[in-house]
Structure formats: C-alpha cells, structure tokens
Amino acid sequence: GPQDDLNAMIATFAERKNLICSLINDIDLISCVEPKGAFYVFANISKVKGKKLGDKEITNSLEFADILLSEELVAVVPGAAFGNDDYIRLSYATSEENIKKGLGRIKDFCLKLK
C-alpha cells in the first residue's frame, strides 16, 4: 500500500535522532554515538560518576537518574537495567520541543555538578 505516512515518520524520527545526539554531545560530561535503530539513545555518563550535587554523590546510573529526576524533573532509564552502568537510555519518541527542554535540563544539571 501507500508508504507516504511511513516515509514521513522515518524522516521525523531521523531528525529527532540527529537532534538528541547533537544535544547530548554538546554536554561536556556526557556523550553518545548515533544509534542504528529503534528510537533510543544510550548516553555515556561515566565522566559524571564521582561528581556531587550538594551532598549527593553520583556513583552509578541509578543515582544519576534519581537525582536528575528530583532536581530537574527529567526521567531517564538507568543503564544498569541493560547491563551497563556507565550509560542512561533516553527516548526520542517525543516532540522536538520535549527533546530540547529535557536535554537543556540535563545540561543545566551537569553544569551544577562538582
């Protein structure tokens, strides 16, 4: 059948993937490689481990996710759930506006870490 809707969705997700990867790699302490499929990005947070926000120290992906949620109201999935505690998983199955807002908050969060 007609593939117009499918092709439009593929293009939209490609734009979102490029956006989220660019914004992640713009954060000094976090990085990612471009995913080849799905609609998730695994961001490397290994440089964040050992950093503190006030008296809260980040030693693993779960603590990163918990502190990020409580401080910046951004939800990410800890990489420990996928077998690699140096990563968090972010979805780009959302609007560009939400991606920009969420990654802006993650960047602000990382800038506060000592």
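Structural data are supplied above this passage.
Since the structure is predicted, the reported quantities are computational estimates derived from the model, not experimental observations. (Residues numbered from 1 in each chain as written. Predicted model: local features only at pLDDT ≥ 70, side-chain atom pairs only at ≥ 80, totals over all residues. Heavy atoms only, no water.)

Which residues make up the overall build of the chain, and what are the values?
Each helix and strand in the chain was counted, giving 3 helices and 6 strands. Reading the chain from its N terminus to its C terminus gives the helix and strand order α-β-β-β-β-α-β-β-α. Taking the principal axes of its C-alpha atoms as reference, the chain extends roughly 55 × 30 × 20 Å. Across the 114 residues that make up the chain, the buried fraction comes to 34%. In the chain, of all internal contacts separated by at least 6 residues, the share reaching a separation of at least 24 is 56%. Averaging the coordinates of the 15 positive side-chain charges in the chain and doing the same for the 17 negative ones gives two points 3 Å apart. (Helix = DSSP H or I, 4+ residues; strand = E, 2+ residues; numbered from the N terminus. Buried < 20%, exposed > 50% of the residue type's maximum accessible area, 1.4 Å probe, protein only. Contact = heavy atoms within 4.5 Å. Lys, Arg positive; Asp, Glu negative; His and termini not counted. Charge placed at Lys NZ, Arg CZ, Asp CG, Glu CD.)

Would you mind going over the pairing of strand S6 (residues 87-91) in detail, with residue names and values included?
For strand S2 (residues 40-44) and S6, the ladder comprises 5 bridges, and the chain directions are antiparallel. Bridge assignment links Tyr-40 to a residue of S6, and that residue is Ser-91. Of the pairings in the sheet, the one linking strand S5 (residues 77-78) to S6 comprises 2 bridges and is antiparallel in character. From the neighbouring strand, Val-77 faces S6, where its bridge partner is Arg-89. (Pairing = 2+ DSSP bridges.)

Explain the environment of Asp-66 residue by residue, including any values.
Within the secondary structure, Asp-66 is located in helix H2 (residues 61-72). Residue classification places Asp-66 among the partly exposed positions, given a relative accessible area of 46%. Note: C-alpha distance between Asp-66 and Val-33 (33 residues apart in sequence) is 24 Å.

Outline the nonpolar core, listing residues and values.
Counting 29 residues, the largest nonpolar core has Ile-30, Phe-64 and Ile-106 as the members making the most contacts within it. If you list the elements that add at least two residues to this core, you get helix H1 (4-25), S2, H2, S6 and helix H3 (96-112). By residue number, the principal contributor to this core is H3, which donates 5 residues. With near-sequence residues (within four places) excluded, Phe-64 lies in contact with Ile-30, Ile-45, Val-48, Ile-58, Val-76, Ile-88 and Phe-109. (Core = buried A, V, L, I, M, F, W, Y, C linked by side-chain atoms within 4.5 Å.)

So, the sheet that holds S2: which residues are in play, and what are the values?
What the 4 strands build is an open sheet, ordered S1-S2-S6-S5; its pairing is antiparallel. Edge positions in the sheet fall to strand S1 (31-32) and S5, since each of these pairs with one other strand and no more.

A description of H1 should follow, citing residues and the corresponding values.
Each α-helix turn comprises 3.6 residues. Residues three or four places apart therefore point the same way. Across its 22 residues, H1 extends 32 Å between first and last C-alpha, which sits within 8% of the 32 Å expected from 1.5 Å per residue. Within H1, burial applies to Arg-16, Lys-17, Leu-19, Ile-20, Cys-21 and Ile-24. In the core, the buried residues of H1 are packed alongside S1, S2, S6 and H3. (Expected span 1.5 Å × (residues − 1).)

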